Amino acid sequence: MKNVIIYSQQELFNSKTAAGNRMTKYAKALALMDCKVYITSIHHSLEKSIVHEFSRNCYYLGNIDRDKQTMFSYIYRLKKIIDRLSGETVLLLYPYNNILFEVLCFVFFKILCKKSICVEVNERRIHYYDLYGINMGLLIFIKYKILRLSVLISEYTMKYYDGLIFISKNIENLYRKKYSIKNFIRIPILCETVNVLPFTYLYDDSKSFEIAFSGQININKENIDLLFYALGVLLKEGYRIRINMYGPITDEKKIHLLIENNNLSDVVRLCGDLKYEEVMINLQKSHLLVVIRGNTMQNFYGFSTKLSDYLSTGVPVLVTDVSDVSEYLKDNVNAFVINPDSSAEIIKKIRYIINNYNQKAGYISKNAFRVVNNKFAYILYKEKIDGLFFEKKRNI
């Protein structure tokens, strides 16, 4: 029997997190290749080796409630569990911000225990530490320069892992050229296979045009300020709009200030951090879903995982052309695509969408379903992931 252990300092037991959602899709894909997959996180104690099956041959390993443990106890208990598994076992690291954890796991499992370890690479973590300048204080500045250096060292050592999984063409090209990575695959954003449904949710201009957003409500990452400004302008033009936002807020004070400054108190609804299943149901009640990300380092090398969820609802999506978007989506064909970092483009496109919605939405929806099933369904990548882990196929 083949086994895969997915481990991380990130929360993976929850499908509403991008990390948990993506790793769940990996698990289901590998299960189709007669592999048992165990998802584990340092946030969930391995003391009692509790196993929860969430899909066929897919398991959460550890206490289902958050019960954080030390790095050393986590690694020790995980080793004991791996020793009890029969057949070949491969580990997959989902990185987070603690480089020490990655180093300890690499030394223990790769060097001492001779286990094969692959890594998910979906962003350049260095961008977190470029936000801190000397104006933050000398000690903080020095601290984050040291952390930045540790991330660069971590990037360099990636070539010593047994295989890498890249989420975008940009980050793949960076690692291939800069660090001479040879054993890798590229897996884009993933979702379930969907049934193509007829589009019936038309817009009645006597009611509000319903827009929705899901995920972390982060002003800088998601260009919330530009979006709110655009909605404020359209509101002044007489358009009846409401936006429902699902997810945790990184800075509530600034969000409420943006709402106030753009006179959107009756337009923006902050719906809270709901369960993944609830969010997906609510998204389907909307006319338009939005991903208005800017062309930052984080977005250039990453690929918005929420985009595949959006497309799978059949609701038309407005998305900025960053990362690999243009490789899969075409404006007015399977989505509405605009250039990033422009409030004028957002205003112009949303105005166009509302005015032409009932003529365009059905066509966009049908083609979006086609992209989901032909490009993003996790079942399409089962052989590719299995090949990297167990057949050591290169550059597939």
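One can find the structure itself at the top, above this paragraph.
Reference entry: report on the structure contained in this document. Note that the structure is predicted; figures quoted are calculated from it, not measured. (Residues numbered from 1 in each chain as written. Predicted model: local features only at pLDDT ≥ 70, side-chain atom pairs only at ≥ 80, totals over all residues. Heavy atoms only, no water.)

### Some words on helix α7 (residues 224-236)
Okay, so step 1: Spanning 13 residues, α7 covers 18 Å between terminal C-alpha atoms, matching the ideal 18 Å at 1.5 Å per step.
Okay, so step 2: Inspection of α7 places I224, L226, L227, F228, A230, L231, G232 and L234 among the buried residues, and these make up the whole buried set.
Okay, so step 3: Of the residues one or two after α7, G238 is the one with positive phi, at around 105°. (Helix = DSSP H or I, 4+ residues; strand = E, 2+ residues; numbered from the N terminus. Expected span 1.5 Å × (residues − 1). Buried < 20%, exposed > 50% of the residue type's maximum accessible area, 1.4 Å probe, protein only.)

### Focus: the packing of helix α13 (residues 343-355) against helix α14 (residues 357-376)
Okay, so step 1: Direction vectors running N to C along α13 and α14 enclose 95°, while the axes themselves pass 6 Å from each other. Considering the angle they form, α13 stands roughly perpendicular to α14. For the pair α13 and α14, contact is made by Y352, I353, I354 and N355 and by Y357, Q359 and K360, respectively.
Okay, so step 2: For the contact of α13 with α14, a count of residues per class yields four nonpolar, two polar and one charged. (Axes fitted to C-alpha atoms, helices over the stretch in contact; angles between N-to-C directions. Parallel < 35°, antiparallel > 145°, perpendicular 65-115°, else oblique. Contact = heavy atoms within 4.5 Å. Nonpolar A, V, L, I, M, F, W, Y, C, P; charged D, E, K, R; others polar.)

### Here we look at the pattern of salt bridges
Okay, so step 1: On inspection of all chains with the given rule, the structure shows 15 salt bridges.
Okay, so step 2: The residue R186 makes a salt bridge to E172 at a minimum N-O spacing of 2.9 Å. Of this pair, R186 sits in strand β8 (residues 184-186) while E172 sits in helix α5 (residues 169-179), and the two are 14 residues apart along the sequence.
Okay, so step 3: Each of the salt bridges in this network shares a partner with another, and the network as a whole consists of K169, E172, R176, R186, D324 and E327. (Salt bridge = Lys/Arg side-chain N within 4 Å of Asp/Glu carboxyl O.)

### Some thoughts on the sheet that holds strand β1 (residues 2-8)
Okay, so step 1: Spatial ordering of the open sheet is given by β3-β4-β2-β1-β5-β6-β7-β8, a layout of eight strands whose pairing is mixed. Edge positions in the sheet fall to β3 (51-55) and β8, since each has one partner strand and no second. Between one strand and the next, the sheet's axes are offset by a mean angle of 25°, whatever the strand orientation.
Okay, so step 2: The sheet contact formed by strand β5 (residues 89-94) and strand β6 (residues 116-121) spans four bridges and is parallel. Pairing of V90 across the sheet is with S116, part of β6.
Okay, so step 3: Packed on one face of the sheet, helix α2 (residues 71-84) meets β1, β4 (58-61) and β5 and runs near 170° to β1.
Okay, so step 4: Most of the contacts of helix α3 (residues 99-112) go to β6, to which it runs at about 155°, and overall it touches β1, β5 and β6. (Pairing = 2+ DSSP bridges.)

### Focus: the layout of surface pockets
Okay, so step 1: Here the second largest pocket defines a volume of roughly 490 Å³.
Okay, so step 2: Lining the second largest pocket are 29 residues, and of these M280, Q284, S312, T313 and G314 lie nearest its centre.
Okay, so step 3: For the lining of the second largest pocket, the secondary-structure elements that each account for two or more residues are α1 (18-31), α9 (276-283), α11 (306-312) and α14.
Okay, so step 4: With four residues, α1 is the single largest residue contributor to the lining of the second largest pocket.
Okay, so step 5: Its residues assigned to classes, the lining of the second largest pocket shows twelve nonpolar, twelve polar and five charged. (1 Å grid on protein atoms, 1.4 Å probe; cavity = no way out; pocket = protein on both sides within 12 Å on 5 of 7 lines; lining within 4 Å. Points joined across faces, edges and corners; volume = space filled by probe spheres on them.)

### Let's talk about the nonpolar core
Okay, so step 1: One finds F228, L307 and L329 to be the most contacted residues of the largest nonpolar core, which totals 66 residues.
Okay, so step 2: The residues touching F228, leaving out its near neighbours within four places in the chain, are M245, I255, L258, I259, N262, L264 and V268.
Okay, so step 3: Core analysis: the second largest hydrophobic core is formed by 34 residues, L61, L91, Y161 and I181 among them. (Core = buried A, V, L, I, M, F, W, Y, C linked by side-chain atoms within 4.5 Å.)

### A look at the packing of aromatic side chains
Okay, so step 1: Across all of its chains, the model carries 17 aromatic pairs by this definition.
Okay, so step 2: Seen from their ring centres, F108 and F109 are 5.2 Å apart, and the 85° between their planes marks the pair as edge-to-face.
Okay, so step 3: On the accessibility criterion, F108 (25% relative accessible area) is partly exposed.
Okay, so step 4: Each member of the aromatic cluster is reached from another via a ring pair, and the members are Y7, Y74, F101, F108 and F109. (Phe/Tyr/Trp six-rings, centres within 6.5 Å; stacked < 30°, edge-to-face > 60°.)

### As for the side chain of N183
Okay, so step 1: The topology assignment puts N183 in the loop between α5 and β8.
Okay, so step 2: Overall, N183 belongs to the buried group, its relative accessible area being 9%.
Okay, so step 3: A polar contact of 2.3 Å, which involves the side chain of N183, links it to the backbone oxygen of D162. (Polar contact = N/O pair within 3.5 Å; in protein donor to acceptor, adjacent residues only side chain to side chain.)

### Some details on the environment of E327
Okay, so step 1: By secondary structure assignment, the location of E327 is in helix α12 (residues 325-328).
Okay, so step 2: The exposure class assigned to E327 is partly exposed, which follows from its relative accessible area of 37%.
Okay, so step 3: As a C-alpha pair, E327 and K169 span 158 residues in sequence and 9.5 Å in three-dimensional space.
Okay, so step 4: Those residues in contact with E327, other than ones at most four positions away along the chain, are K169 and R186.

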